[in-house]
Amino acid sequence: MKRADVERIETEIFIAGGGIAGLAAAEILLEAGKDFILVDEYPYIGGQYLRDNPDYRPLDTPTRKYGFHLRDHLSKADNIWTETLVAGYYGNGEIAVVKKEKPYIIKADKILIATGAREKFLPFPGWTLPGVISAGAVQALVKTSGYLPARDAIIAGTGPFLLAVAYEFEKAGGKVIEVAELNPIKKLMGFTTALLDFEKGREGIKYLVKLFGKLSYGWKIVEAKQNGEKLRVTLEKNGKKRELETELLAIGHGFVPNIEFAQLCGCPVSYKPELGGWIIEVDENMSCGKDMYAAGEVTGIGGARKALIEGQLAALSITGKEDKKLKKKRAHEVKFAAKLNTVYSVSPHLWKSIPDNTIICRCEDVTMGEIRKAVEEGFVSTRGIKGATRVGMGNCQGRTCFPIVMEFLRSYKGVKPEAVSIRPPIKPVDLGVFVDLE
Ligand SMILES: Cc1cc2nc3c(=O)[nH]c(=O)nc-3n(C[C@H](O)[C@H](O)[C@H](O)COP(=O)(O)OP(=O)(O)OC[C@H]3O[C@@H](n4cnc5c(N)ncnc54)[C@H](O)[C@@H]3O)c2cc1C
């Protein structure tokens, strides 16, 4: 067994992530004639927002239109590497990447981190059953392939994202039984001003019109049970329960920034629940350290327009330029995002009261009861709970369960959760990538 050959490449700028933030930056750098490499682990660029296949582009807002222009324009460039995982950081500008099973070390003078976000869930008994999937997964299936994972669906959780998923599910020919928003309408009413924003308002109104009569507010999922081919879902509001049958239950309770690569790079992180939890701290030039920049969801959950602006600001700052108007727009987007995330947050008593028989760590089958017991025994940090219960030790390395544990700790014990320490590789990589097993 010997070490696999690692190819070394040098570039001026390395961009981690080809979502709208990374692409917006790449476009400016390309125009400025800069030498850069952008990598993304997916087989195509575009990230979460620009997933759609060319025949399925449901809403043409200005951000989406420009985003698709970026995707179409840049997907031909040979310095854009898809199916390439950012696996680690060695320091001194050296990044470990794995492209189609082959390891590289890319040495860059500057690094831009645009690794986006993932989904967050409020678990309930039955959320691991077949037929219960994430709202993002439904959207990905429908948008990339037009494939409907079921004929009908309940879409539940919290956030305007659920409306987008329901809209796309119906548009692709599925039947939405109900969109069950967890937060009560009274809490959301304070945010109707969002509809005054031309782009977001237009999008929101389109969803509301299509889903008219299917929206319910203030209902939480109590449990899901298998009932033959279908799922029986119990919802509860103010002590009143009702049951619904569905082929598919799609759930989502917000997003969490993917800060792992930034942590390895030594960028400062801070805990801002109103922006999605642990985020990368940036200044107004999107800088997060010497020759380090971050843009998009990693600096706080704020959607595609914020990500686009931040990608542009980061690239301008890398090229030594400044756009004061754009900085102002960004400040507006961040403020808007904080309000939106607060209105659509899951209230602490719901995190606190997850039933003991609910699985929290799906990889290691750790239940809420085991975690609660560990906390009662004095393990009041994510790391402590991990050691006591094996939560987060499975294949996903806590990407799904740690945000849940953090919310639980915050609401149950009033503890500000500590950031999870990260070791490379950021995501699982085959051993055969690093060693020649012949
Ligand atoms: C499942 C999901 C669905 C969403 N759908 C919508 C929607 O319909 N409308 C909307 O307005 N917003 C949506 N959002 C919010 C969305 O995050 C933003 O609107 C927008 O996509 C943010 O752009 P970004 O460039 O910051 O991140 P992203 O679009 O998430 O792009 C980040 C990119 O980084 C790549 N990446 C991450 N880690 C690594 C790594 N280690 N190595 C290599 N590549 C990596 C990812 O593959 C991804 O392509 C969604 C978010 C999620 C999580």
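Since the structure is predicted, the reported quantities are computational estimates derived from the model, not experimental observations. (Residues numbered from 1 in each chain as written. Predicted model: local features only at pLDDT ≥ 70, side-chain atom pairs only at ≥ 80, totals over all residues. Heavy atoms only, no water.)

### Details of the domain arrangement of the chain
According to the domain assignment, the chain consists of domain 1 (2-118 + 256-343), domain 2 (121-253) and domain 3 (348-413). With centres defined by C-alpha atoms, the gap from domain 1 to domain 3 works out at 30 Å. Contacts between the two partners involve seven residues from domain 1 and, on the opposite side, four residues from domain 3. Roughly 490 Å² of surface becomes buried between domain 1 and domain 3 when both sides are summed, with 53% attributable to carbon and sulfur atoms. Counting every contact that joins domain 1 to domain 3 gives one salt bridge. The salt bridge partner of E260 is R399, with a shortest N-O separation of 3.8 Å. Summed over the shared surface of domain 1 and domain 3, the result is three residue pairs in polar contact (both at pLDDT 80 or more). Here the residues of the side of domain 1 that touches domain 3 are counted per class, giving four nonpolar, one polar and two charged. (Domains from an automatic or database assignment. Contact = heavy atoms within 4.5 Å. Buried area = accessible area lost by both parts, 1.4 Å probe. Salt bridge = Lys/Arg side-chain N within 4 Å of Asp/Glu carboxyl O. Polar contact = N/O pair within 3.5 Å; in protein donor to acceptor, adjacent residues only side chain to side chain. Nonpolar A, V, L, I, M, F, W, Y, C, P; charged D, E, K, R; others polar.)

### Describing the nonpolar core
Ranked by size, the top nonpolar core spans 66 residues in total, and within it F14, I15, I95, I111, I113, F261 and I280 carry the most contacts. Among the elements that line this core, the one with the most residues is helix α8 (residues 303-318), at nine residues. Apart from the residues lying within four places of it in its own chain, the contact partners of I95 are F14, V86, G88, Y89, Y104, I105, I106, A108, I111 and F261. Judged by nonpolar contacts, the second largest core, of 36 residues, contains A156, L235, V375 and V405. (Core = buried A, V, L, I, M, F, W, Y, C linked by side-chain atoms within 4.5 Å. Buried < 20%, exposed > 50% of the residue type's maximum accessible area, 1.4 Å probe, protein only. Helix = DSSP H or I, 4+ residues; strand = E, 2+ residues; numbered from the N terminus.)

### Overview of the sheet that holds strand β12 (residues 215-217)
Taking strand neighbours across the sheet as the criterion, the five strands line up as β9-β16-β10-β11-β12 in an open arrangement whose pairing is parallel. If you trace the sheet from one side to the other, it starts and ends with β9 (132-134) and β12, each paired once. The sheet shows a mean angle of 20 degrees between the axes of neighbouring strands, direction not considered. Looking at chain direction, strand β11 (residues 175-181) and β12 are connected through three bridges and run parallel. Residue pairing for β12: V179 is matched across the bridge by L215. (Pairing = 2+ DSSP bridges. Axes fitted to C-alpha atoms, helices over the stretch in contact; angles between N-to-C directions.)

### Side note on the pattern of salt bridges
The full count for this structure, using the stated rule, is 26 salt bridges. Salt bridges sharing partners connect three or more residues here, namely K110, K290 and D291.

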